[in-house]
Amino acid sequence: MSTEDYSQYDSMTLVELVHAMSTIQNRKEAVEEQLKLLQKEFDFLRITKIPTKMEDEGIDRIQVTGIGRVSLTADMHVSVKAEMKSKFHEWLRDCGRGDLLQETINPSTLKAAVKSMYKSGEEIPEHLLNVSPFTRASITR
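Just so you know, these numbers come straight off a predicted model, no measurement behind them.

Engineer: Account for the overall build of the protein chain, naming residues and giving values.
Structural biologist: From N to C terminus, the protein chain includes three helices and two strands. Going from N to C terminus, the protein chain has its helices and strands arranged as α-β-β-α-α. Computed over C-alpha atoms, the radius of gyration of the protein chain comes to 25 Å, more than 25% over the 14 Å expected from 2.2 N^0.38 for 141 residues, which places it beyond the range of a compact globule. For the protein chain, the C-alpha atoms occupy an extent of roughly 65 × 50 × 30 Å along the three principal directions. In the protein chain, buried positions account for 5% of the 141 residues. Contacts spanning at least 24 positions in sequence make up 19% of the contacts within the protein chain whose residues lie at least 6 apart. Accessible surface computed for the protein chain: about 13,600 Å², of which carbon and sulfur atoms make up 55%. Side-chain charges in the protein chain split into 19 positive and 22 negative, and the spacing between the mean points of these groups amounts to 5 Å.

Engineer: Residue-level account of the pairing of strand 1 (residues 61–64), with values.
Structural biologist: Where strand 1 lies against strand 2 (residues 68–71), four bridges are found, and the strand directions are antiparallel. For glutamine 63, the partnering residue across the bridge sits in strand 2 and is arginine 69.

Engineer: Describe the environment of glycine 98, naming the residues involved and giving the relevant values.
Structural biologist: Residue position: glycine 98 is located in the loop between helix 2 (85–94) and helix 3 (107–119). C-alpha of glycine 98 to C-alpha of serine 7: the two residues are 91 residues apart in sequence and 54 Å apart in space. Contacts of glycine 98, omitting those with residues within four sequence positions, involve Leu92 and Arg93.

Engineer: So what's going on with the confidence of the model for the protein chain? Residues and values would help.
Structural biologist: For the protein chain, the mean per-residue pLDDT works out to 93, and 98% of the residues sit at or above 70. Here strand 1 stands out as the element of the protein chain with the lowest mean pLDDT, 93, in contrast to helix 1 (residues 14–56), whose mean of 97 is the highest.

Engineer: Please provide a residue-by-residue account of a nonpolar patch on the surface, values included.
Structural biologist: A surface patch of nonpolar side chains, amounting to about 360 Å² of accessible area, comprises Val80, Met84, Phe88 and Trp91. Counting through the fold element by element, valine 80 comes out in the loop between strand 2 and helix 2.

Engineer: How would you summarise the pattern of salt bridges if you had to cite specific residues and measurements?
Structural biologist: Going through the model one piece at a time under the given rule, you end up with three salt bridges. Glutamate 32 is the partner of lysine 28 in a salt bridge, and the nearest nitrogen-oxygen pair spans 2.8 Å. Taken together, the residues span about one helical turn, with lysine 28 and glutamate 32 both in helix 1 at a distance of four residues. The salt bridge involving lysine 36 is made with glutamate 33; its shortest N-O contact spans 4.0 Å.

Engineer: Just give me the short version of the packing of aromatic side chains, but keep the residues and values in it.
Structural biologist: By the definition in use, this model includes two aromatic pairs. Between the aromatic rings of tyrosine 6 and tyrosine 9, the centroid separation amounts to 6.5 Å while the plane-to-plane angle is 35°, which identifies the pairing as tilted. Tyrosine 9 gets classed as partly exposed once you look at its relative accessible area, which sits at 27%. Judged by centre distance (5.7 Å) and plane angle (20°), the ring pair of phenylalanine 88 and tryptophan 91 falls under stacked. One end of the pair is phenylalanine 88 and the other is tryptophan 91, both in helix 2 and three residues apart, which spans about a single turn. Look at phenylalanine 88 and you get partly exposed, because its relative accessible area is 30%. With a relative accessible area of 47%, tryptophan 91 lands in the partly exposed category.

Cut-offs and rules
Residues numbered from 1 in each chain as written. Predicted model: local features only at pLDDT ≥ 70, side-chain atom pairs only at ≥ 80, totals over all residues. Heavy atoms only, no water. Helix = DSSP H or I, 4+ residues; strand = E, 2+ residues; numbered from the N terminus. Rg over C-alpha atoms; globule rule 2.2 N^0.38 Å. Buried < 20%, exposed > 50% of the residue type's maximum accessible area, 1.4 Å probe, protein only. Contact = heavy atoms within 4.5 Å. Areas by Shrake-Rupley, 256 points an atom, 1.4 Å probe, with all protein chains shown as cover. Lys, Arg positive; Asp, Glu negative; His and termini not counted. Charge placed at Lys NZ, Arg CZ, Asp CG, Glu CD. Pairing = 2+ DSSP bridges. pLDDT = per-residue confidence, 0-100. Patch = residues over 30% accessible without salt bridge, like charges linked within 9 Å, V, L, I, M, F, W, Y side chains within 5 Å. Salt bridge = Lys/Arg side-chain N within 4 Å of Asp/Glu carboxyl O. Phe/Tyr/Trp six-rings, centres within 6.5 Å; stacked < 30°, edge-to-face > 60°.

Set out below in structure tokens:
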């Protein structure tokens, strides 16, 4: 979007702009809450209710006019127990699956470190990082 798309804000005072930002923030939070509720209901239908109904009726796939084919797919949630992370990494290496391990940096941690470097005047390796400082307004309640 270009700044031309927001021309309605050009004639507003600072206080009017802050009110507009607050209104948009409240609308955004309401939509995010609605999205969370929709996701819970969607997950209930796709993970609990429909698979149970299909299994009870002995159906593994059904064609629904106007929607398409519905079928059951096996899936799972998997995570490493926090206290077992290093042992699990060792197990992966021992089993020949060390290629699954990736060295990563948490984006929030990296951002905090670069902000700290920036504030203290340290050299930032801009040939290695994309750094785009900006200033934003925030509302504190």
